[in-house]
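Chains, contacts and geometry: an overview
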Amino acid sequence: MSHAPRTVAVGGDCPYLIHIGPGLLGVGDLLAGAIRGRHVLLVSDDTVAPLYLARVRAALLQARPDLAIGQYLIPAGEASKTLHHFGGAIDALATLGATRDACVLALGGGVVGDLAGFAAACWMRGVDCVQLPTTLLSMVDSSVGGKTAVDIAQGKNLVGAFHPPRAVIADTAALRTLPARELRAGLAEVIKYGCIRDPLFFQWLQAERDALLAGDDAALAQAIARSCEHKAEIVARDPLEKGERALLNLGHTFGHAIETAQGYGAPGNDNLNHGEAVAVGMVLAARLSAALGMAGADAADGLRDLLRAYGLPVAIPAGLDPGALLAHMRLDKKNIAGRLRLVLWRGIGRAEVVPDVDEAAVLAVLRAG
Ligand code: NAD
Ligand code: MG
């Protein structure tokens with residue numbers, strides 16, 4: 001496999017390119033090529049900025065010495081995805097004197113990407129945003145598709161906008177500094193694409209486990225590109241999640257219920273992170289599909305074995321009450337008219353939305369863990 005950068009094109013009304021390869025954060029022409037005007041706001045967090053921000057800034061200025069570059073840094077973590085920091089980013093744009101042709105560069109994981117994207121969506125009713133994702137999760141999921149948001153006390157992602165990026169530049173070398181647990185969480189979302197619509201990719205992930213967990217650039221670039229191709233195809237056809245895009249939520253209704261029941265991981269505790277919760281959620285969705293006669297139990301076992309091989313959890317953490325989990329699932333945004341609407345499957349690579357799932361069957365699967 002070559003180390004030349006790959007590109008994935010996202011079509012639809014607002015087309016853009018995703019560039020994937022090692023070292024791209026230092027390629028000034030690529031970064032500058034996505035910037036139309038003179039004003040750039042770099043948004044990052046206090047973990048990522050010391051690692052990569054100077055490199056991006058230097059590469060940009062080498063290619064475009066005329067740029068005026070401001071920056072806005074947030075403390076790392078979900079707790080910073082707030083209206084407060086949205087306001088901070090907006091203030092930074094104002095201080096910069098950013099005009100309609102300004103560009104917001106989101107350097108970091110999904111927290112930075114969602115926050116910076118939302119600020120870009122709102123400044124002067126919308127300026128360019130270029131995503132520079134540095135976590136695997138943000139490379140394969142949050143940087144693509146144009147959903148931006150911040151959290152409020154009442155819930156995650158409740159305030160936001162659809163605002164597709166102008167470009168996505170994913171430097172696979174940045175993954176070398178990512179904690180192993182974060183890498184595995186991203187791999188859960190990668191495995192999800194195989195489960196939804198690509199059995200060959202699922203097999204490839206079985207074969208390439210060691211390379212991927214070791215952080216091999218070529219294997220990671222392949223996994224990211226394939227994942228982005230899937231997300232790109234789905235969001236181009238259904239940008240506003242009126243139908244097919246819901247498939248991307250495989251494992252997420254169960255996963256969110258686990259995350260909510262755990263109280264959204266205060267730092268330093270043993271709670272599952274998002275990717276881990278999705279891993280458990282996908283196994284539960286597969287088990288429920290088997291219980292409903294949609295798919296064989298062997299498919300669920302195959303998924304469980306693959307996730308386990310990647311070091312991901314496959315069962316509900318001890319101490320979570322099945323009834324409470326079901327109550328959280330009833331509040332999911334996908335539900336219509338009080339009926340549970342879940343993404344289930346007919347086997348590996350064949351996910352589908354099921355509109356009215358029997359709660360007793362769900363509870364039985366939650367009880368079995
Ligand atoms: P994150 O942004 O919090 O990053 C995880 C941690 O890794 C942070 O502490 C960060 O500082 C650190 N980090 C990032 N890159 C690093 C690197 N290269 N080296 C070392 N450390 C690094 O979390 P995430 O998992 O990337 O994203 C989660 C967020 O994404 C959530 O807020 C979620 O709601 C959002 N999301 C959005 C979409 C969407 O479509 N917009 C989709 C999925 C998830
Ligand atoms: Mg997810």
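Residues numbered from 1 in each chain as written. Chains lettered and ligands numbered in written order. Predicted model: local features only at pLDDT ≥ 70, side-chain atom pairs only at ≥ 80, totals over all residues. Heavy atoms only, no water.

The protein chain is annotated in an unreviewed UniProt entry as 3-dehydroquinate synthase from Stenotrophomonas acidaminiphila. The record held by UniProt for the protein chain lists under Catalytic activity (unreviewed entry) the comment "7-phospho-2-dehydro-3-deoxy-D-arabino-heptonate = 3-dehydroquinate + phosphate". In UniProt, the protein chain has this text filed under Pathway (unreviewed entry): "Metabolic intermediate biosynthesis; chorismate biosynthesis; chorismate from D-erythrose 4-phosphate and phosphoenolpyruvate: step 2/7." (UniProt positions renumbered as here; feature names shortened; annotations may be inferred.)

Let's talk about the domain arrangement of the protein chain
Domain annotation of the protein chain identifies domain 1 (6-177) and domain 2 (180-368). Here the C-alpha centre of domain 2 lies 27 Å away from the C-alpha centre of domain 1. Contact with domain 1, which involves 23 residues of that partner, is made by 26 residues of domain 2. In this assembly, domain 1 packs against domain 2 so that about 2200 Å² is buried in total across both faces, 67% of it on carbon and sulfur atoms. The largest per-residue losses of area from domain 1 upon contact with domain 2 belong to R6, L136 and V140, which jointly make up 26% of the total buried on that side. (Domains from an automatic or database assignment. Contact = heavy atoms within 4.5 Å. Buried area = accessible area lost by both parts, 1.4 Å probe.)

Digging into the site of ligand 1
Around ligand 1, 26 residues are found, and the nearest of them are E78, G110, T134, T135 and T177. K156 places a side-chain nitrogen or oxygen 3.5 Å from an oxygen atom of ligand 1. Taken by itself ligand 1 offers 860 Å² of open surface, and the protein chains cover 86% of this. Where the shell around ligand 1 is concerned, the elements lending two or more residues are α2 (48-63), α4 (110-122), α5 (136-142) and β8 (155-162). (Near = heavy atom within 4 Å. Polar contact = N/O pair within 3.5 Å; in protein donor to acceptor, adjacent residues only side chain to side chain. Areas by Shrake-Rupley, 256 points an atom, 1.4 Å probe, with all protein chains shown as cover. Helix = DSSP H or I, 4+ residues; strand = E, 2+ residues; numbered from the N terminus.)

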